[in-house]
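Below, each chain spelled out in residue letters.
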Amino acid sequence: MIKKILVSQPKPTSEKSPYFDIEREYGVELVFRPFIRVEGLTAKEFRQQKVNLLSFTAVVFTSRHAIDNYFKLAKEMRVTIPETMKYFCVTETIALYIQKYVQYRKRKVFFGTTGKIVDLVPQMVKHKSEKYLVPMSDIHNNSVQELLTSKKLEFKECVMYRTVSDDFTTEEVDQFDYDMLLFFSPAGLNALTKNFPNFEQGDIKIGAFGPATAKEVAEKGLRLDLKAPTPEFPSMTGALANFLKNNL
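Residues numbered from 1 in each chain as written. Predicted model: local features only at pLDDT ≥ 70, side-chain atom pairs only at ≥ 80, totals over all residues. Heavy atoms only, no water.

### Digging into the side chain of Arg33
Right, on to step 1. Considering the arrangement of structural elements, one finds Arg33 in the loop between strand 2 (29–32) and strand 3 (36–40).
Right, on to step 2. According to the relative accessible area criterion, Arg33 is buried, its value standing at 12%.
Right, on to step 3. Within the structure, Arg33 has its side chain in polar contact with the backbone oxygen of Asp166 (distance 2.8 Å).
Right, on to step 4. Ignoring any residue separated from it by four or fewer positions in sequence, one finds Arg33 in contact with Leu6, Val7, Ser8, Gln9, Asp166, Asp167, Phe168 and Glu172. (Helix = DSSP H or I, 4+ residues; strand = E, 2+ residues; numbered from the N terminus. Buried < 20%, exposed > 50% of the residue type's maximum accessible area, 1.4 Å probe, protein only. Polar contact = N/O pair within 3.5 Å; in protein donor to acceptor, adjacent residues only side chain to side chain. Contact = heavy atoms within 4.5 Å.)

Pasting the structure below:
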């Protein structure tokens, strides 16, 4: 019987979140508790990469974390970002977030529509003379590098923030009594095994969002009970509702 589900993400800020509909409809308790958190590099750590922020004429932002840490590092290193800097963001939401640091209307900001960098690249190609800086997490693959290289763009990737385990307190460990765990990244599963080195799945159901997360479940010798997205259920909430419908 599934009664208590741990969702390894922050609690939704909107009361209209489908997660709350699931709670009401299926009589389950959802506990939102991230397993990971993002931590910015210090100026000293960043300098080891020998990256000069002023050597670039454009920045590519794939997340709000990238924006926060770009401007934080610039401030720490006493670097004044010029008015002429161009910003290329994977979504309009991320582009609008830049307003937290600069006056949006005075800057040249470009954004994609899908959240995937491949759909932002055509706009970058139109500005082929720019020198692009691409802030990244410490955990990333080579897909962006390969894509930008294939388009003959001048760019450099750099690490500005890292993903670390958001450790559980002793009390949280003692009260770990969930019937189901939902994960959204391989890093979340790594945090699980770090906090619970003797974790035994038993009857606990595990759900994973994305192929990389599902692969990590298997590599840790755990059983995957719920996989998302699927053609029928592109969201975790849709997949979860369907799972509960068939398993309660």
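Back to the text.
### Thoughts on the nonpolar core
Right, on to step 1. Counting residues in each nonpolar core, the largest one holds 44 residues, and the members touching the most others are Phe61, Tyr70, Tyr87, Met124 and Met160.
Right, on to step 2. With six residues, the top contributor of residues to this core is helix 3 (residues 64–76).
Right, on to step 3. Beyond its immediate stretch of four places on either side in the chain, Met160 contacts Gly40, Leu41, Phe46, Leu53, Asn69, Tyr70, Leu73, Leu133, Pro135 and Met136.
Right, on to step 4. Grouped together as the second largest cluster of nonpolar side chains are 22 residues, Phe32, Leu182, Phe184 and Leu226 included. (Core = buried A, V, L, I, M, F, W, Y, C linked by side-chain atoms within 4.5 Å.)

### What to know about the pairing of strand 10 (residues 205–209)
Right, on to step 1. In this sheet, strand 10 lies alongside strand 9 (residues 180–183) in parallel orientation, the contact comprising four bridges. What sits directly across from Leu182, in strand 10, is Gly207.
Right, on to step 2. The β-α-β motif built from strand 9, the intervening helix 8 (residues 186–195) and the parallel element strand 10 has right-handed crossover chirality.
Right, on to step 3. The sheet contact formed by strand 10 and strand 11 (residues 226–228) spans three bridges and is parallel. Paired with Ala208 across the strands is Lys227, a residue of strand 11.
Right, on to step 4. Viewed along the sheet, the connection from strand 10 through helix 9 (residues 211–219) into strand 11 turns out right-handed. (Pairing = 2+ DSSP bridges. Right-handed = clockwise from strand over helix to strand, strands pointing away.)

### Considering the sheet that holds strand 7 (residues 131–137)
Right, on to step 1. With mixed pairing, the six strands of this open sheet are ordered in space as 3-8-7-4-5-6. Strands with a single pairing partner mark the edges of an open sheet, and in this sheet they are strand 3 and strand 6 (108–111). Neighbour-to-neighbour, the strand axes of this sheet turn through a mean angle of 25°, independent of strand direction.
Right, on to step 2. Sheet topology places strand 7 next to strand 8 (residues 154–165); seven bridges connect them, and they run parallel. Of the residues in strand 8, the one forming a bridge with Val134 is Glu157.
Right, on to step 3. The strands touched by helix 3 are strand 3, strand 4 (58–61), strand 5 (86–89), strand 7 and strand 8; relative to strand 8, the strand with the most contacts, the crossing angle is about 105°. (Axes fitted to C-alpha atoms, helices over the stretch in contact; angles between N-to-C directions.)

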